[in-house]
Amino acid sequence: MMRAIVIVLDSVGIGGATDAHKFGDTGANTVGHILEACSQGRADRTGLRQGPLVVPNLAKMGLLHAVSLVSPDIFPTPEFEPEAIWGAGHEISGGKDTPSGHWELCGVPVTEAWTHFPATQPSFPPELICKIADVCGLPGILGDKHASGMDVISEFGIEHMRSGKPICYTSADSVFQIAAHEQAFGLTRLYDLCAKVFEITAPMRVGRVIARPFLGDSPATFWRTANRKDFTVEPPDATIFDLALAAGRSTSSVGKIGDIFSYRGIARSAKAADNMAMFDAMLKAIRELPEGGYLMANFVDFDSEFGHRRDVAGYAHALEAFDRRLPELSSAIADDDLLIITADHGNDPTFSGSDHTRECVPILIHLSDRKGTIGARRMADVGASVCDYLDIPLPAHGSSFL
């Protein structure tokens, strides 16, 4: 039996979303604008990278063609032909966040509205904060606004360590994020706090509560550790993981995938500190994946380290580093394995603000020696195609492009 592997390059969108204006994201294009910035020298950084974006392996799989497919007036079609199957996917879920993107890729679009906190200060309802402080025994909170993670840690980290008040912040996503110092506050205590806040916010339909631990002793030395943990509501319907496990297949996840799906339907899970360590963990998981199995991996650094921080050079460097390792992935998969490289949303590092951007996503498919285009599809078609290939029941949404 064949295996199926889906790799999510977190936030590597390609623009072209017809409803981007509804999210204030008109013109956003993560890959397209990185390409432009690199060609214009705006992504040069001494000691990191220089010049045009160099991603030959992703280009061979059709990444640049996918950008052109959804934005033909801005990015002309490259003259060469990809060596794989390629296309683009658009999201029908009513958001631009991690859970809705991943769930939709696995056949379960989010059709019900989640709670989003306003971009005001304070962002959280006072009665919610009072309840959290009372139930969790807190002296209060810091932050209470829309913010990028490292910015809010730099701003409030010292006061947090002195007062014991956790740093709470949100974004355009349905999320309640809590940052705390691993040593001064305690990692286990942070996890316990997030679990309680998740229970409190569940009736409000808040999508995620995220623990964001950090270390360091000053704004100049603060850094977020790899011990992030997402507490996420469960998908409302059966995903690929559920369908595969019910069919007796092996299921495996790498990165924050387990958290995103509340570990439902996931038999094995692995995490790692950064994209390159994640690549190592993914290769190991692929080698251990039995015939007929399904694996999904997430590479979060594109989003968390570079997209939200609007770091164009860092984002470009991360794409090039991932691209250089693709030959290792090719060596790890069998000829009859289905490999799909895609994304969950955009996070254009050239755009205003620090939030995700509503964009289409690439769908790059390696399957034996097949090549050609599937055109513009729904993101849910990825999940339907995986189930079709594995010969297991199809999810409720999507149609196979195979």
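All of the points below concern the structure found in this document.

Rules used throughout
- Residues numbered from 1 in each chain as written.
- Predicted model: local features only at pLDDT ≥ 70, side-chain atom pairs only at ≥ 80, totals over all residues.
- Heavy atoms only, no water.
- Core = buried A, V, L, I, M, F, W, Y, C linked by side-chain atoms within 4.5 Å.
- Buried < 20%, exposed > 50% of the residue type's maximum accessible area, 1.4 Å probe, protein only.
- Contact = heavy atoms within 4.5 Å.
- Helix = DSSP H or I, 4+ residues; strand = E, 2+ residues; numbered from the N terminus.
- Pairing = 2+ DSSP bridges.
- Phe/Tyr/Trp six-rings, centres within 6.5 Å; stacked < 30°, edge-to-face > 60°.
- Lys NZ or Arg CZ within 6 Å of the ring centre and 35° of its normal.
- Axes fitted to C-alpha atoms, helices over the stretch in contact; angles between N-to-C directions.
- Parallel < 35°, antiparallel > 145°, perpendicular 65-115°, else oblique.
- Nonpolar A, V, L, I, M, F, W, Y, C, P; charged D, E, K, R; others polar.

### Examining the nonpolar core
If you look at soluble globular proteins, the nonpolar side chains tend to sit buried side by side.
Part 1 of the reasoning: In terms of nonpolar packing, the biggest core is built from 111 residues, with Ile7, Phe176, Met282, Tyr294, Met296, Phe299 and Leu329 touching the most fellow members.
Part 2 of the reasoning: Excluding residues that lie within four positions of it along the chain, Met282 makes contacts with Ile7, Val254, Leu295, Ala297, Phe299 and Leu329.
Part 3 of the reasoning: In terms of nonpolar packing, the next biggest core, distinct from the first, is built from 11 residues, Leu142, Met150, Ala179 and Phe214 among them.

### With respect to the pairing of strand 9 (residues 251-254)
Part 1 of the reasoning: Burial along strand 9 is two-sided: Thr251 and Ser253 and Ser252 and Val254, pointing in opposite directions, are all buried.
Part 2 of the reasoning: Direction of pairing for strand 9 relative to strand 11 (residues 294-299): parallel, over a ladder of 4 bridges. Bridging across to strand 11, Ser252 finds its partner in Leu295.
Part 3 of the reasoning: As defined by bridge partners, strand 9 adjoins strand 10 (residues 268-270) across 3 bridges and the pair is classed as parallel. Note on strand 10: the bridge partner recorded for Ser253 is Ser269.

### Quick notes on the packing of aromatic side chains
The geometry of two aromatic rings is summed up by the distance between their centres and the angle between their planes.
Part 1 of the reasoning: The full count for this structure, using the stated rule, is 12 aromatic pairs.
Part 2 of the reasoning: Both rings, one in Phe241 and one in Phe261, keep their centres 5.1 Å apart while their planes meet at 65 degrees; by these two values the pair is edge-to-face. A residue pair is termed long-range when its members are at least 10 positions apart, and Phe241 in helix 8 (residues 240-246) and Phe261 in the loop between helix 9 (257-260) and strand 10 qualify at 20 residues. Pair check on accessibility: Phe241 and Phe261 agree, each one buried.
Part 3 of the reasoning: For the ring pair Phe299 and Phe322, a centre distance of 5.2 Å and an interplane angle of 75 degrees mean the geometry is edge-to-face. Of this pair, Phe299 sits in strand 11 while Phe322 sits in helix 12 (residues 312-324), and the two are 23 residues apart along the sequence. For the pair formed by Phe299 and Phe322, the shared burial category is buried.
Part 4 of the reasoning: Chaining the aromatic ring pairs together yields one cluster made of Phe279, Phe299, Phe302, Tyr315 and Phe322.
Part 5 of the reasoning: Geometry around Phe185 places Arg189 over its ring, the cationic atom sitting 3.9 Å from the centre.
Part 6 of the reasoning: Against the face of Phe231 rests Lys229, its NZ or CZ located 5.4 Å from the ring centre.

### Some thoughts on the packing of helix 1 (residues 30-39) against helix 12
Part 1 of the reasoning: Remark: helix 1 packs on helix 12, axes separated minimally by 10 Å, with the N-to-C direction vectors making an angle of 105 degrees. Looking at the two axes, helix 1 sits roughly perpendicular to helix 12. Contacts between helix 1 and helix 12 involve Thr30, Ile34, Ala37 and Cys38 from the first element and Val312, Tyr315, Ala316 and Leu319 from the second.
Part 2 of the reasoning: Looking at the contact of helix 1 with helix 12 residue by residue, the class counts come to 7 nonpolar, 1 polar and no charged.

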